[in-house]
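Breakdown of the fold
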Amino acid sequence: MGTVPGPSAAPPFVVAVAITKGGTGKTTTASTLAVELAAGGAAVLLIDADTQGQAAHALGVALPDRGPGLAGVLAGTSTPADALRTVRASRDGRGPVYLLAGSAALAGEAGKMASDPAAGLLAVRDATLAAAASVGARVVVIDTPPGWGPLSLGALAAADVVLAPLPPHALAVEALATFDRHLASVQRTRAAFGGAALPRLAFVLPTMVAP
C-alpha cells in the first residue's frame, strides 16, 4: 500500500451510486466515477457496500487482496488503515484512489444491522467518515447493493447526494420512481436526528446506451 497521508479534519463529500434494481450498472458507474474524480487531483475513496465485492474487480484489484474491507471496519475487527487498499497512487497531477472493498462477510454485518436499524445507519456513516479521514479523501463514492436492505440504507444515510444509474427500459424507470419515494424516508430520518434533509437525488445517469 502507498503512503497514507495524515487525517483530514473536514468531512468528505459523499456520493452514493444507488437504485434498488439490480443490473443497472452501479458498480461500473461507481468505479469509473472514482477514477475520473481522482484524475482531477482529488483523493478519492471508493466504498463497496455490496456482498458481491465486484468493485475490486472493476478497479483491477485481485480478489484475494481485498482483505477485511468494509465488513472488518463495521465489525470493529479492523481499522480503516488496515482495511483500505491503494488502487492507484498519486502521480502526474492525479489524486490517489483508495478502496474499502465489499465481500460476502458483509451479509453477516447486514444481519446485525437489521436488528437495530438506527445503529446500522450510524455504523455505515461512522465507517465512511473514519475511512475517509484515515487517508485524507475529499470525495467518497459508495457502490450500493440492490434492494432496500440495511447496507443500502446506511450508505444513503451517509451520503450527501445520490447518483442513480438508469438503463433505458421500463422496469428500471419504475424502480427509479419507487426508489425516489423511499429516499424521502431516509431524508426524514436524518432530519429527525437533527441533520440536513439529505441525501438528495442529484443525478440520473443513462447507462447501457450505445454511443
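This part covers the overall build of the protein. A count of helical and extended segments in the protein gives eight helices and seven strands. Sorting the 211 residues of the protein into buried and exposed places 46% on the buried side. Taking all contacts inside the protein whose residues are at least 6 apart in sequence as the whole, residues at least 24 apart take part in 76%. Put simply, the protein shows about 9400 Å² of open surface, and 60% of that area lies on carbon and sulfur atoms.

As a further point, take the packing of aromatic side chains. Using the criterion set out here, one finds one aromatic pair in the structure. An angle of 80 degrees between the planes, with centres 5.7 Å apart, marks the rings of tryptophan 148 and phenylalanine 179 as edge-to-face. Taken together, the residues tryptophan 148 in the loop between β5 (139–143) and α7 (150–158) and phenylalanine 179 in helix α8 (residues 170–192) connect sequence positions 31 residues apart. We classify tryptophan 148 as partly exposed; its relative accessible area is 27%.

A word on helix α5 (residues 106–114). The periodicity of an α-helix, 3.6 residues per turn, causes residues three or four positions apart to be oriented the same way. All buried positions along α5 are accounted for by Leu106, Glu109, Ala110 and Met113. Along the axis of α5, the buried residues cluster in a sector spanning 105 degrees; they form a single face. Of the surrounding elements, those touching the buried residues of α5 are β2 (44–48), α3 (69–75), α6 (117–135) and α7.

Quick look at the sheet that holds β2 now. On the basis of which strands lie adjacent, the open sheet formed by seven strands has the order β3-β4-β2-β5-β1-β6-β7 and mixed pairing. For this open sheet the edge positions go to β3 (85–88) and β7 (200–206), each flanked by a neighbour on one side alone. Ignoring strand direction, the axes of neighbouring strands in this sheet form an average angle of 25 degrees. Two strands pair when backbone bridges link them, and strand β6 (residues 161–166) and β7 are joined in this way by six bridges, in the parallel orientation. Looking at β7, one finds that valine 162 is bridged to leucine 201. α7 contacts β1 (13–17), β5 and β6 of the sheet and is inclined by roughly 145 degrees relative to β1. Across the face of the sheet, α8 comes into contact with β6 and β7 while running at roughly 160 degrees to β7.

Attention shifts here to the confidence of the model for the protein. Of all residues in the protein, 90% attain a pLDDT of 70 or more, and the chain-wide mean is 86. Across residues 1–8, confidence stays below pLDDT 50; counting only partners more than four residues off in sequence or on other chains, it has 18 contacts.

At a minimum axis distance of 8 Å, the contact between α6 and α7 shows a crossing angle of 55 degrees. With respect to their mutual orientation, α6 and α7 come out oblique. Considering the relative orientation of α6 and α7, their crossing is right-handed. Across from Leu121, Val124, Arg125 and Thr128 in α6, the residues of α7 making contact are Leu153, Gly154, Ala155, Ala157 and Ala158. In terms of residue class, the contact of α6 with α7 is made up of six nonpolar, two polar and one charged.

Membership of the largest hydrophobic core comes to 41 residues, with the highest contact counts inside it found for Leu45, Leu70, Leu74, Leu100, Ile142 and Leu156. No other element matches α6, which puts six residues into this core. Other than its neighbours up to four places away in sequence, isoleucine 142 contacts Val14, Val15, Ala16, Val17, Ile47, Ala49, Thr128, Ala155 and Ala158. Core analysis: the next-biggest nonpolar cluster, separate from the first, contains 18 residues, Val15, Leu46, Ala55 and Leu59 among them.

The rules behind each value
- Residues numbered from 1 in each chain as written.
- Predicted model: local features only at pLDDT ≥ 70, side-chain atom pairs only at ≥ 80, totals over all residues.
- Heavy atoms only, no water.
- Helix = DSSP H or I, 4+ residues; strand = E, 2+ residues; numbered from the N terminus.
- Buried < 20%, exposed > 50% of the residue type's maximum accessible area, 1.4 Å probe, protein only.
- Contact = heavy atoms within 4.5 Å.
- Areas by Shrake-Rupley, 256 points an atom, 1.4 Å probe, with all protein chains shown as cover.
- Phe/Tyr/Trp six-rings, centres within 6.5 Å; stacked < 30°, edge-to-face > 60°.
- Arc of directions from axis to C-beta.
- Pairing = 2+ DSSP bridges.
- Axes fitted to C-alpha atoms, helices over the stretch in contact; angles between N-to-C directions.
- pLDDT = per-residue confidence, 0-100.
- Parallel < 35°, antiparallel > 145°, perpendicular 65-115°, else oblique.
- Left-handed = near helix turned anticlockwise from the far one by under 90°.
- Nonpolar A, V, L, I, M, F, W, Y, C, P; charged D, E, K, R; others polar.
- Core = buried A, V, L, I, M, F, W, Y, C linked by side-chain atoms within 4.5 Å.

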